[in-house]
Amino acid sequence: MNTSLLTQIQLPVVARRWIGLAAILGAVFAMAELPLYFVVPACDPPICGVETGSLMPDWLILTRTLFNFLALALFLVFMTGVRFLIARADARSEWFGAVAGTAGVAWTIIDMVAKGLEGSSAIKATEWIDPTRTVPTYLLYGSISHLMLVVFGVAFGHAVLRSRALPRWVGWSSFGIAALHLAGVPSMFFGFNSSEFYASNGWGAVAMFNGIAAIWLAAVGVATLMKKTSPASTLV
């Protein structure tokens, strides 16, 4: 048998597996990161005010930064595969898949830059800091990231429902993710006290909303792995 033809036939199946696994593993690292934002040493209120927050050791900040990098790198793999998933199912929906994938890639890069600045600030600081307060990257991982996920959710939901590349629940729930993050965009007007639910860096508007998105992406990854690919489509 022609080995080049065999590679051509098998590549789409292998790619689908990588895309699905990337979403699942990305969610694992994202969920491992989130608790580290709440495991902080106790601090007296007069010392740890709104400006300084709860002071954290460097190892804690850098560990969650590493988990974030790994999660976002894996989500990046998934996002680059979105266009492929949609186009293989229905070429007419490829543009919507491209918009979704581009917005998703932008989200991963923007969030990675924000967390990289926080980690770098912890390395440079001579004292313990709370980078969620003292490093002004709130809009990067807050409202801007929310907007990118809104664009992703709407485009991906429409593409899935139109192309049937994945189960219909993926498409409808994608609109729900978009609505959730749209609700997070105005958080930029509510300060930077991360202990408040709806601040620009708040535990609700950022940590909880992103946690829900990560769990949803894991579910989409499972759906991607379970989606049956017809023998005819693998020949294309």
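Calculation criteria
Residues numbered from 1 in each chain as written. Predicted model: local features only at pLDDT ≥ 70, side-chain atom pairs only at ≥ 80, totals over all residues. Heavy atoms only, no water. Helix = DSSP H or I, 4+ residues; strand = E, 2+ residues; numbered from the N terminus. Contact = heavy atoms within 4.5 Å. Areas by Shrake-Rupley, 256 points an atom, 1.4 Å probe, with all protein chains shown as cover. Axes fitted to C-alpha atoms, helices over the stretch in contact; angles between N-to-C directions. Parallel < 35°, antiparallel > 145°, perpendicular 65-115°, else oblique. Nonpolar A, V, L, I, M, F, W, Y, C, P; charged D, E, K, R; others polar. Expected span 1.5 Å × (residues − 1). Buried < 20%, exposed > 50% of the residue type's maximum accessible area, 1.4 Å probe, protein only. Arc of directions from axis to C-beta. Bend = angle between axes of the 7 residues up to and from the residue. pLDDT = per-residue confidence, 0-100. Patch = residues over 30% accessible without salt bridge, like charges linked within 9 Å, V, L, I, M, F, W, Y side chains within 5 Å. Salt bridge = Lys/Arg side-chain N within 4 Å of Asp/Glu carboxyl O. Phe/Tyr/Trp six-rings, centres within 6.5 Å; stacked < 30°, edge-to-face > 60°. Lys NZ or Arg CZ within 6 Å of the ring centre and 35° of its normal.

Visitor: Could you clarify how one ought to interpret the overall build of the protein in this entry?
Guide: If you tally the helices and strands in the protein, you get eight helices and zero strands. Its helices and strands taken in sequence order, the protein reads α-α-α-α-α-α-α-α from the N to the C terminus. Residue pairs at least 24 apart in sequence account for 74% of intrachain contacts in the protein once pairs closer than 6 positions are excluded. Of the roughly 11,500 Å² of accessible surface on the protein, a fraction of 73% belongs to carbon and sulfur atoms.

Visitor: Explanation requested: the packing of helix H2 (residues 58-89) against helix H3 (residues 94-124) in the structure shown.
Guide: What describes two packed helices is the angle between their axes and the distance between those same axes. Look at H2 against H3: their axes get within 8 Å of each other, and the N-to-C directions meet at 170°. Viewed along their axes, H2 and H3 adopt a mutual orientation that is roughly antiparallel. For the contact of H2 with H3, the per-class residue count stands at 19 nonpolar, nine polar and six charged.

Visitor: In this structure, what is going on with helix H6 (residues 168-184)? I would like to understand it.
Guide: The α-helix winds at 3.6 residues per turn, so residues separated by three or four positions along the chain end up facing the same way. With 17 residues, H6 extends 25 Å between its outermost C-alpha atoms, agreeing within 8% with the 24 Å of an ideal straight helix rising 1.5 Å per residue. Within the sequence span of H6, burial applies to Val170, Gly171, Ser174, Ile177, Ala178, His181 and Gly184. In a view along the axis of H6, the buried residues occupy a sector of 120°, so they form one face of it. Where the residues of H6 are buried, they touch helix H5 (138-163) and helix H7 (203-226).

Visitor: Mind showing me how you'd approach the environment of Leu140 here?
Guide: Here Leu140 is to be found in helix H5. On the accessibility criterion, Leu140 (26% relative accessible area) is partly exposed. In this structure, the C-alpha to C-alpha distance between Leu140 and Lys115, residues 25 residues apart in sequence, is 9.1 Å. Beyond its immediate sequence surroundings of up to four residues, Leu140 is in contact with Ile110, Ala114, Leu117 and Ser145.

Visitor: Just to check I follow, could you spell out H2 for this structure?
Guide: Helix length check: H2 (32 residues) gives 47 Å between terminal C-alpha atoms against 46 Å at 1.5 Å per residue, within 8%. The principal kink in H2, of about 35°, is found at Gly81.

Visitor: In this structure, what is going on with the confidence of the model for the protein? I would like to understand it.
Guide: Chain-level statistics for the protein give a pLDDT mean of 88 and a share of 89% at 70 or above. Here residues 1-11 is modelled with pLDDT under 50, and outside its nearest four sequence neighbours on either side it reaches four contacts, counting other chains as well. Counting interchain partners and residues more than four positions distant, the pLDDT-below-50 stretch residues 230-236 has nine contacts.

Visitor: Mind showing me how you'd approach a nonpolar patch on the surface here?
Guide: On the surface, a nonpolar cluster with roughly 530 Å² of combined accessible area is contributed by Leu21, Leu25, Val28, Val222, Leu225 and Met226. Counting residues per element, the ones that place at least two in the nonpolar patch are helix H1 (3-33) and H7. Topologically, Val222 is positioned in helix H7. Judged by its relative accessible area of 37%, Val222 falls in the partly exposed class.

Visitor: I'm lost on unusual backbone geometry in this one. Help?
Guide: As a rule of thumb, non-glycine residues mostly have phi less than zero, and peptide bonds are mostly trans rather than cis. The backbone phi angle of Arg164 is positive, close to 60°, even though this residue is not glycine. Relative to the helices and strands, Arg164 is located in the loop between H5 and H6.

Visitor: Is there a simple way to think about the pattern of salt bridges in this case?
Guide: Side chains bearing opposite charge may pair, as long as their charged atoms lie close to each other. Scanning the model with the defined rule gives four salt bridges in all. Glu33 serves as the salt-bridge partner of Lys115, at 3.8 Å between the closest nitrogen and oxygen. With Lys115 in helix H3 and Glu33 in helix H1, this pair connects stretches of sequence that are 82 residues apart. With respect to burial, Lys115 and Glu33 carry one shared label: buried. Two residues, Arg92 and Asp90, come together in a salt bridge whose shortest N-O distance is 3.1 Å. The network of salt bridges with common partners includes Glu33, Asp111 and Lys115.

Visitor: I would appreciate a short explanation of the packing of aromatic side chains in the present structure.
Guide: Two numbers describe a pair of aromatic rings. These are the distance of the centres and the angle of the planes. Counted by the stated rule, this structure contains 12 aromatic pairs. Taking 6.2 Å as the distance between ring centres and 85° as the angle between the ring planes, the aromatic pair formed by Phe156 and Trp216 counts as edge-to-face. Of this pair, Phe156 sits in helix H5 while Trp216 sits in helix H7, and the two are 60 residues apart along the sequence. By relative accessible area, Phe156 is classed as buried at 0%. On the basis of relative accessibility, which here comes to 8%, the residue Trp216 falls in the buried class. Ring-pair connections join several aromatic residues into one group, and the members of that group are Phe78, Phe152, Phe156 and Trp216. Note that Arg64 overlies the ring of Tyr37, its terminal NZ or CZ placed 4.0 Å from the centroid.

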